[in-house]
Amino acid sequence: CEHADSFRHQVLYVLLKSALKMLGLWDFMPISSDRVGSWMQALPAWANVLLSAGVLIFGLRKFVKYCSAQRLRRDNPLEWLRRRTDFPSVELLVQDEGLFRKAMEDAHLSLGAQVNFLALRQSCL
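On a predicted model such as this, the values are computed, not experimentally measured, just so you know.

**Student:** Quick question: what am I supposed to make of the nonpolar core here?
**Tutor:** Core analysis: the biggest nonpolar cluster contains 16 residues, and Trp80, Leu81, Phe100, Met104, Leu109 and Phe117 have the highest contact counts within it. Contacts of Leu81, omitting those with residues within four sequence positions, involve Leu93, Phe100, Ala103, Met104, Ala107, Leu109 and Phe117. Judged by nonpolar contacts, the second largest core, of nine residues, contains Leu12, Trp26, Val36 and Met40.

**Student:** Could you clarify how one ought to interpret the side chain of Arg82 in this entry?
**Tutor:** Turning to its location among the elements, Arg82 is positioned in helix 4 (residues 77–85). Residue classification places Arg82 among the buried positions, given a relative accessible area of 19%. Among all residues touching Arg82, those that are not within four sequence positions of it are Phe87, Pro88, Ser89, Val90 and Leu93.

**Student:** Explanation requested: the environment of Gly37 in the structure shown.
**Tutor:** With respect to the helices and strands, the residue Gly37 is situated in helix 2 (residues 33–42). The class of Gly37 is buried, set by a relative accessible area of 10%. With 16 residues separating them in the primary sequence, Gly37 and Ala53 have C-alpha atoms 16 Å apart.

**Student:** Is there a simple way to think about helix 2 in this case?
**Tutor:** Of all the residues in helix 2, the buried ones are Ser33, Val36, Gly37 and Met40. Down the axis of helix 2, the buried side of the element spans an arc of 100°, and every buried residue falls inside it. Within helix 2, the exposed residues directed more than 90 degrees away from the buried face are Asp34 and Ala42.

**Student:** I'm lost on the packing of aromatic side chains in this one. Help?
**Tutor:** Ring pairs (aromatic) are described by centroid distance and by the angle formed between their planes. Under the definition given, this model contains one aromatic pair. Here the aromatic rings of Trp80 and Phe117 are separated by 6.1 Å at their centres, their planes lie at 50°, and the arrangement is tilted. Of the two residues, Trp80 sits in helix 4 while Phe117 sits in helix 7 (residues 111–124), which places them 37 residues apart along the sequence. Summarising the burial analysis for this pair, Trp80 and Phe117 share the class buried. Between Arg121 and the ring centre of Phe100, over which it is positioned, the NZ or CZ distance is 5.9 Å.

Basis of the calculations
- Residues numbered from 1 in each chain as written.
- Predicted model: local features only at pLDDT ≥ 70, side-chain atom pairs only at ≥ 80, totals over all residues.
- Heavy atoms only, no water.
- Core = buried A, V, L, I, M, F, W, Y, C linked by side-chain atoms within 4.5 Å.
- Buried < 20%, exposed > 50% of the residue type's maximum accessible area, 1.4 Å probe, protein only.
- Contact = heavy atoms within 4.5 Å.
- Helix = DSSP H or I, 4+ residues; strand = E, 2+ residues; numbered from the N terminus.
- Arc of directions from axis to C-beta.
- Phe/Tyr/Trp six-rings, centres within 6.5 Å; stacked < 30°, edge-to-face > 60°.
- Lys NZ or Arg CZ within 6 Å of the ring centre and 35° of its normal.

Listed below in structure tokens is the structure:
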């Protein structure tokens, strides 16, 4: 049972760390794995279970969102780029090369991916 608790603390630590990084708070609130373990041991059993379930649900939702975005990028790359950069429509994005290049830059695409996206844009014109 001690190994299961240690594993659960490590999973909770990794999920908590990624949540704080995503929120931009990790640099201000770095937390050690040992500290998370001591917090978990200090909580009542019901709160420990509730916290673990909440963090697990958060992690699963993040993973599902990531998988969905990857699937959209593979199946409909222009729609993925539009959503990633909050453009109103794919048509507006494709019409203006400057906007398209800016969107690719904002999406942090690699040089190879930019070449592929530009070719895809050309095929849509």
